[in-house]
Amino acid sequence: MKAYSKEQIRELDRIAIEEYQIPSVVLMENAGAGAARIIAREMGAQKSVAIFCGKGNNGGDGFVIARHLHNNGMNTHVFFLGEAAQVPVDSDPGINLRILQNMKIPIREVSDVDSLKEYKDIWQNCDYVVDAIFGTGLCRDISGNLHTIMSEIKSWNKKNIAIDIPSGLDGNTGEIYGVILPAELTITFALPKKGFFVQDGPNVTGNIEVVDISIPKELVEKL
Ligand SMILES: NC(=O)C1=CN([C@@H]2O[C@H](COP(=O)(O)OP(=O)(O)OC[C@H]3O[C@@H](n4cnc5c(N)ncnc54)[C@H](OP(=O)(O)O)[C@@H]3O)[C@@H](O)[C@H]2O)[C@@H](O)CC1
Ligand SMILES: [K+]
């Protein structure tokens, strides 16, 4: 499987958005809808899922996934690692967050491990965890409350499905930024990332599925 750097893939996204004028929210929709189809296939109909969303676009993918899984009749629980009110309303994550709020799907805010434990009755009954915390934007060590929250989620040993990249993994070097959520399955967008195949990558990425988010073919062929 040929692999690409974070920068190459972010550049593909940029050209698709700026030069081909594909709205970024359309790319996010394609990403989230494609991932949701794979997750539904993996889970079967009767299972519950906890979706953990970070503050960036990876979290936005998580909001799209939540909408589609909910619409498919899955028992879907959304946790946001931050304050929902801080998400810019016109950003792609903000748009998808608002749709969930309009659908009256609860967004449970998690600021530290204690707030996570308050929701134990919910997450302990979930068979799967969808990790939409960090993607290609992760750029420094994870510390503080985020570190302890991710360590706690890791300790549950549930079936983790990573969105784009297992959170904590560097998509280029395969190194771990302080803590990692190892995945059974990584659903990655557009193209596989180099970090899946080097250093710790192979131990934490699990099976890899690539979702086509409608990046123009000519652009990909130029890489
Ligand atoms: N662009 C596109 O067209 C598409 C993108 N897509 C999706 O977007 C993902 C990339 O999204 P993204 O760039 O928003 O970054 P993401 O990984 O969500 O991180 C969020 C923010 O976290 C922060 N941060 C970093 N390190 C940190 C740390 N250690 N501890 C704490 N905070 C830290 C940092 O912000 P900072 O705090 O530095 O301001 C960063 O910006 C990509 O993987 C794919 O899933 C798809 O939808 C397809 C279309
Ligand atoms: K992720």
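Here is what the cut-offs are and how they apply
Residues numbered from 1 in each chain as written. Chains lettered and ligands numbered in written order. Predicted model: local features only at pLDDT ≥ 70, side-chain atom pairs only at ≥ 80, totals over all residues. Heavy atoms only, no water. Near = heavy atom within 4 Å. Polar contact = N/O pair within 3.5 Å; in protein donor to acceptor, adjacent residues only side chain to side chain. Areas by Shrake-Rupley, 256 points an atom, 1.4 Å probe, with all protein chains shown as cover. 1 Å grid on protein atoms, 1.4 Å probe; cavity = no way out; pocket = protein on both sides within 12 Å on 5 of 7 lines; lining within 4 Å. Sits in = over half its atoms within 2 Å of the grid points. Helix = DSSP H or I, 4+ residues; strand = E, 2+ residues; numbered from the N terminus. Expected span 1.5 Å × (residues − 1). Buried < 20%, exposed > 50% of the residue type's maximum accessible area, 1.4 Å probe, protein only. Donors = N, O, S within 2.8 Å, 3.2 Å for Na, K, Ca; no water. Tetrahedral: all angles 85-135°; square planar, octahedral: opposite > 155°, others 65-115°. UniProt positions renumbered as here; feature names shortened; annotations may be inferred. Contact = heavy atoms within 4.5 Å. Points joined across faces, edges and corners; volume = space filled by probe spheres on them. Nonpolar A, V, L, I, M, F, W, Y, C, P; charged D, E, K, R; others polar. Salt bridge = Lys/Arg side-chain N within 4 Å of Asp/Glu carboxyl O.

Trainee: Explain the site of ligand 1 to me, and be specific about the residues and the numbers.
Mentor: The full set close to ligand 1 counts 23 residues, and Asn58, Asp61, Gly135, Arg140 and Asp164 are the nearest of them. Measuring from a nitrogen atom of ligand 1, one finds a backbone N or O atom of Arg140 at 2.8 Å. Within the complex, the protein chains bury 79% of what would otherwise be the 930 Å² of accessible surface of ligand 1. Among the detected pockets, ligand 1 sits in the largest pocket. Those elements that place two or more of their residues in the shell around ligand 1 are helix H1 (6-18), helix H2 (24-43) and helix H3 (57-71).

Trainee: Hey, could you go over H3 for me, with residue numbers and the actual values?
Mentor: Compared with the 21 Å implied by 1.5 Å per residue over 15 residues, the 21 Å span of H3 between its first and last C-alpha is a close match. In terms of burial, H3 is a largely internal element, 11 of the 15 residues being buried. Taken together, the buried positions of H3 are occupied by Asn58, Gly59, Gly60, Asp61, Gly62, Phe63, Val64, Ile65, Ala66, Arg67 and Leu69. Taken from the residues just after H3, Gly73 is the one with a positive phi, measuring 85°.

Trainee: Provide a residue-level description of the coordination of the potassium ion (ligand 2), including the pertinent values.
Mentor: Within the protein, Asn58 (OD1), Asp131 (O), Phe134 (O), Ile163 (O), Ile165 (O) and Ser167 (OG) serve as the donor atoms for the potassium ion (ligand 2), at 2.6 to 3.1 Å. Considering all six donor atoms around the potassium ion (ligand 2), angles at the metal cover 68 to 171° and the coordination shape is irregular. We note that the donor set of the potassium ion (ligand 2) lies within a single chain, spaced as N-x72-D-x2-F-x28-I-x1-I-x1-S. In this pair, the class of Ile163 matches that of Ser167, namely buried.

Trainee: Describe in detail the UniProt feature "binding site: K(+)" (unreviewed entry) in the protein, supporting the description with residues and values.
Mentor: Mapped onto the present numbering, the UniProt feature "binding site: K(+)" (unreviewed entry) falls on Asn58, Asp131 and Ser167. Annotated residues spanning 110 residues; largest pairwise C-alpha distance 9.6 Å, indicating a single compact cluster. Of the annotated set, the members that line the largest pocket are Asn58. Secondary-structure assignment places Asp131 in strand S4 (residues 128-132). Setting aside chain neighbours within four positions, we find Asp131 in contact with Phe52, Asn58, Ile161, Ala162, Ile163, Ile165, Pro166, Ser167 and Leu181. Within the fold, Ser167 resides in the loop between strand S5 (159-163) and strand S6 (185-189).

Trainee: Before we move on, could you go through the layout of surface pockets and cite the residues and values that matter?
Mentor: The volume enclosed by the largest pocket comes to roughly 1000 Å³. Looking at the largest pocket, it is lined by 37 residues, and the ones nearest its centre are Gly56, Asn57, Asn58, Gly135 and Gly137. Tallied by class, the residues present in the lining of the largest pocket amount to 16 nonpolar, 12 polar and nine charged.

Trainee: I'd like to hear about the pattern of salt bridges, residue by residue, with values.
Mentor: Considering all chains together, one arrives at eight salt bridges under this definition. The salt bridge involving Lys6 is made with Asp170; its shortest N-O contact spans 3.4 Å. Remark: Asp170 occurs in the loop between S5 and S6 and Lys6 occurs in helix H1; sequence separation between them is 164 residues. Using a relative accessible area of 9% as the deciding quantity, one classes Lys6 as buried. Taking the relative accessible area as the measure of exposure, Asp170 reaches 7% and is therefore buried. Between Glu11 and Arg14 there is a salt bridge whose closest N-O contact spans 2.9 Å. Placement of the pair is Glu11 and Arg14 together in helix H1, with a separation of three residues, close to one helical turn. Judged by relative accessible area, Glu11 falls into the partly exposed class, the value being 35%. Overlapping salt bridges, with partners in common, bring together Glu11, Arg14 and Glu18 in one network.

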